[in-house]
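Structure assessment
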Amino acid sequence: KNINPTIIVIFGGTGDLAKRKLFPAFQNLYLDGRMSKKFQIIALGRAEKSDDEFRSYVLENLETFSRKKGLSDPETQKFLSHITYHSLDIDKEESYQSLNDKINDIDETFGERANRLFYLSITPSFITTISNNINKIGLAANAKQDRIIIEKPFGYDKTSAIALNEMLSQTFKEEQIYRIDHYLGKETVQNILAFRFGNSMFEPLWSRNFIDFVQITVAEEVGVEERGGFYEGVGALKDMIQNHLLQILCMTAMEAPASLEADDIRNRKADVLKSIRRIKPDEVDHYVVRGQYDAGFIKGNPVHGYRQDKGIAPDSNTETYVAMKIYLDNWRWQGIPFYLRTGKRMEEKQSSIIIQFKPVPHSAFSYGKQGMTPNRLIINIQPAMDIKLQFMTKKPGLSLSLRPAEMVFDYFACSTMSPEAYETLIADALAGDPTLFMRWDQVEQAWDAIDTIQQVWKTTAPTNFPNYKAGSWGPEEADELLARQGHAWIQNS
Ligand code: BG6
C-alpha cells in the first residue's frame, strides 16, 4: 500500500497504549520499510520533556513490548530520530497553536504539506475538547490528507455515540474518521474472510441447513490489571461484546461481499448487525448472563477477586464476564443460536469460533447418534492460530467402531512472524484504507443491539456477584443458558 509523507500526532503519547502497542507498531512498520521516507511522530503529553528523554523512554519500552526489540539495532536508532515530544495542555488553545507551528515547521523541512494522522489514545472524555481545538486551529482542514483514529469505546450507549459522532462531524468527514477495533487487525480474524470466500467447499454448508449452532469465545486469563479506574465504568459488555465479539460475529455470519472495497465489506457486516434480534427488557435474563470473578487460582497461582483489585469499589457491580445467545433474523441464519462469551480471569486465554454442524440424520452404528461427536469446524484466533476440522473415522481394529479425528491448518507452520494487529491497522490508516475500521452505522447498530441489556442491568443490581471463581470458565448460569437448548460450551484446549 502506498504511504505518503505523514505527520503522526499521538494524543496520549506517554500513555499505556502508546508504549505497549503504538510505538512498537510504528517501529516494526519502519523496520519493514513500510513507512514513507518522510514521516514524523509528534508524541503529546502533559509534562515537559526533552526529545532525548522521550526517545530513551520509547526505546526502553520497545525492548519490552516490540516483537523486534530495539536497543542494539541501529535502524531503531534512526526510527527514534523521527519522534518528537511536545508538551500540550488539552484544554488550552495556545497549546494547539504551538502544535500547529511545529507541524508547519515539519512540512517546511519536508518541502511539502504532509498528510496528518491524529491518533486519540486518551480517555474518551477528552475527545470533544481535542476535536474542537483541532477545528478552531484548522489542524485537520484538508479532508483528503488528514485523518483521525479513535479508540473504543466510541460513546457509552447509542445516544452518547450519536452525540459524539455529530460533534466529530463538525471537524471531520466520515472518510477521515478511523474507528479502531484492534481485533479486526488480527491475522486470524482477517483469515476468516479468506477462509470463507476463498474456498467453495465450506460456503454451501454455511447456513441454518447444516449448522446447529455457533460459539464465539474470547477468554482472558488477565484481570483488570492497572486499568481498574477505566474498567469500573465500562464492564465486559461494553469493553468486549459491543465491539470485538460482535465484529467476529459479523465476519462469521456475513454474506459474501461484491468486492473487497471497504464499503462492500462494511455493508455486509452492517447487515449482520442490523439482523441481530433485538430483545425486550423482560427477556434480558433469558438471553444474557453476567458474571464477576471472585478470588481463585490462575495456573496454580492465587489471585484475588475483582472487588479486591486496584481501583475497584468493594461492592462493585461491574461485570467481568458476559455470555449471551443471539439470533440473526435473516434467511441464512434463522433459528440458529450464536453463543457469545467473554470473561476476564478465565481458566486460560483463548479466542475461538466453533461451528458445530448438525448431527447425522441416522446412525447405523450400534451406539446410535448419541455416541457420535458432531462435525465441528474450530477457528482459533489466539493464542493458538489454527483451523481444525473435526470428523468421525473408523477406529483401527477388527470392529467397525468410530472415533473423532481432526485435520489441522496451523497458521504458524506456514508463516514467519505475523504482524501485530496495530501494525496492520496503522499501515491501513496511513494508506487511507478504512476497510478494517468501523464505519459509523456499524458502531450505531452495535450499540443498538446491546443498549437494552445495559439499561436493564443499570436498574437491576446483580444479587449473586461475585459468581465465578478466577481460573474457572465462568458462572453456572452460562452453562444453563445453553443447556436449556440441549447445548453445552465446548472447551477447546
Ligand atoms: C481491549 C479491552 O480492547 O482488548 C481489554 O479493552 C482486553 O480489556 C483487550 O484485555 C484484549 O485484547 P487482546 O488483543 O489481548 O485479545
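Bear in mind that the values here come from a model prediction, so they are computed numbers and not experimental data.

**Quick look at the overall build of the protein**
Regarding its fold elements, the protein presents 14 helices and 18 strands. Computed over its C-alpha atoms, the radius of gyration of the protein comes to 24 Å, within 12% of the 23 Å expected for a compact globule of 493 residues. With respect to the three principal axes, the spread of C-alpha positions in the protein is 80 × 50 × 45 Å. Across the 493 residues that make up the protein, the buried fraction comes to 56%. When the accessible area of the protein is evaluated, it comes to approximately 21,400 Å², of which 52% is carbon and sulfur surface. Put simply, the protein has 58 plus and 65 minus side-chain charges, and the middle of one group is 5 Å from the middle of the other.

**Regarding the side chain of Q247**
Tracing the backbone shows Q247 in helix 9 (residues 235-253). Apart from residues no more than four positions distant in its own chain, Q247 is found in contact with D181, L184, K269, L273, M438 and Q442.

**Quick word on the sheet that holds strand 14 (residues 350-357)**
Within a beta sheet, neighbouring strands are joined by backbone hydrogen bonds and run either parallel or antiparallel to one another. Strand order across the open sheet formed by eight strands is 8-12-13-7-14-15-16-17, with mixed pairing between neighbours. In the strand order of this sheet, the two ends are held by strand 8 (288-291) and strand 17 (402-410), each with one partner. With direction set aside, neighbouring strand axes in the sheet form an average angle of 15 degrees. Across six bridges, the pairing between strand 7 (residues 211-219) and strand 13 (residues 338-343) is parallel.

**Digging into the UniProt feature "active site" (unreviewed entry) in the protein**
With numbering matched to this structure, UniProt assigns "active site" (unreviewed entry) to H244. Looking at the element boundaries, H244 is found in helix 9. Relative accessible area serves as the criterion here: at 2%, H244 is assigned to the buried category. Filtering out sequence-adjacent residues up to four positions away, H244 remains in contact with K152, D181, H182, Y183 and D239. Engagement of the side chain of H244 in a polar contact is seen with the side chain of D181, the distance being 2.7 Å.

**Brief notes about the packing of helix 5 (residues 127-137) against helix 6 (residues 158-168)**
Closest axis-to-axis distance for the helix 5/helix 6 pair is 10 Å, and the angle between their directions is 15 degrees. Taken together, helix 5 and helix 6 sit at an angle that is classed as roughly parallel. Judged by the sense of rotation from one axis to the other, the crossing of helix 5 with helix 6 is left-handed. Of the residues in helix 6, those touching helix 5 at I127, T128, S131 and N132 are L164, M167 and L168. Classifying every residue of the contact of helix 5 with helix 6 by side-chain character gives four nonpolar, three polar and no charged.

**With respect to the sheet that holds strand 2 (residues 39-45)**
Read across the sheet, six strands follow the order 3-2-1-4-5-6 without closing on themselves; strand pairing throughout is parallel. The open sheet has two edge strands, strand 3 (83-87) and strand 6 (177-179), and neither has a second partner. Across this sheet, the average inter-strand angle for adjacent strands is 20 degrees, counted without regard to direction. Sheet analysis places strand 1 (residues 6-11) next to strand 2, joined by six bridges and oriented parallel. Across the sheet, residue T6 finds its bridge partner in strand 2, namely F39.

**Some remarks on the site of the ligand**
The ligand sits among K152, H182, Y183, K186, E220, R227, D239, M240, H244, K344, K349 and Q382. In the environment of the ligand, an oxygen atom lies 2.7 Å from a nitrogen or oxygen atom belonging to the side chain of H244. Protein contact buries 81% of the 400 Å² of open area that the ligand shows by itself. Broken down by element, the shell around the ligand gets its largest block of residues, three residues, from helix 9. The residue inventory of the shell around the ligand, partitioned by class, reads two nonpolar, three polar and seven charged.

**Thoughts on helix 4 (residues 93-110)**
For helix 4, with 18 residues, the first-to-last C-alpha span of 26 Å sits near the 26 Å given by 1.5 Å per residue. Each element contacted by the buried residues of helix 4 is listed here: strand 1, strand 2, strand 3, strand 4 (115-120) and helix 5. Of the residues one or two after helix 4, G111 is the one with positive phi, at around 75 degrees.

**Thoughts on the environment of K358**
Tracing the sequence through the fold places K358 in the loop between strand 14 and strand 15 (376-382). Along the primary structure K358 and A427 are separated by 69 residues, whereas in three dimensions their C-alpha atoms are 41 Å apart. If we ignore the near neighbours within four places in the chain, the residues touching K358 are R208, N209, F210, I211 and D212. Looking at K358, its side chain comes within polar contact range of the main-chain oxygen of R208, at 2.7 Å.

**Observations regarding unusual backbone geometry**
Each neighbour pair has its own omega, and for K152 with P153 the value is -5 degrees, a cis peptide bond. Here P153 is to be found in the loop between strand 5 (146-150) and helix 6. For the peptide bond that leads from F465 to P466, omega is -10 degrees, which places it in the cis range. Unusually for a residue other than glycine, K299 sits at a positive phi of about 50 degrees.

**What about the nonpolar core?**
F11, F23 and L246 are the most contacted members of the largest nonpolar core, which totals 145 residues. Ranked by the residues each element gives to this core, the list is headed by helix 9, at eleven residues. Apart from residues no more than four positions distant in its own chain, F23 is found in contact with I10, G13, A18, I41, A43, F54, V58, L62, F79 and I83.

**Some remarks on the packing of aromatic side chains**
For the coordinates displayed, the defined rule picks out 20 aromatic pairs. For the pair W333 and F338, a centre-to-centre distance of 5.1 Å together with 80 degrees between the ring planes defines the contact as edge-to-face. Residue classification places F338 among the buried positions, given a relative accessible area of 0%. Here the aromatic rings of F409 and Y411 are separated by 5.8 Å at their centres, their planes lie at 75 degrees, and the arrangement is edge-to-face. By relative accessible area, which is 33% here, F409 ends up partly exposed. Counting every residue linked through ring pairs, the aromatic cluster contains Y231, Y293, Y306, Y321 and Y468. Stacked on the ring of F154, the Lys or Arg R179 has its end atom at 5.0 Å from the ring centre. Lying across the ring of Y183, K186 places its NZ or CZ 4.5 Å from the centre.

Cut-offs applied
Residues numbered from 1 in each chain as written. Predicted model: local features only at pLDDT ≥ 70, side-chain atom pairs only at ≥ 80, totals over all residues. Heavy atoms only, no water. Helix = DSSP H or I, 4+ residues; strand = E, 2+ residues; numbered from the N terminus. Rg over C-alpha atoms; globule rule 2.2 N^0.38 Å. Buried < 20%, exposed > 50% of the residue type's maximum accessible area, 1.4 Å probe, protein only. Areas by Shrake-Rupley, 256 points an atom, 1.4 Å probe, with all protein chains shown as cover. Lys, Arg positive; Asp, Glu negative; His and termini not counted. Charge placed at Lys NZ, Arg CZ, Asp CG, Glu CD. Contact = heavy atoms within 4.5 Å. Pairing = 2+ DSSP bridges. Axes fitted to C-alpha atoms, helices over the stretch in contact; angles between N-to-C directions. UniProt positions renumbered as here; feature names shortened; annotations may be inferred. Polar contact = N/O pair within 3.5 Å; in protein donor to acceptor, adjacent residues only side chain to side chain. Parallel < 35°, antiparallel > 145°, perpendicular 65-115°, else oblique. Left-handed = near helix turned anticlockwise from the far one by under 90°. Nonpolar A, V, L, I, M, F, W, Y, C, P; charged D, E, K, R; others polar. Near = heavy atom within 4 Å. Expected span 1.5 Å × (residues − 1). Core = buried A, V, L, I, M, F, W, Y, C linked by side-chain atoms within 4.5 Å. Phe/Tyr/Trp six-rings, centres within 6.5 Å; stacked < 30°, edge-to-face > 60°. Lys NZ or Arg CZ within 6 Å of the ring centre and 35° of its normal.

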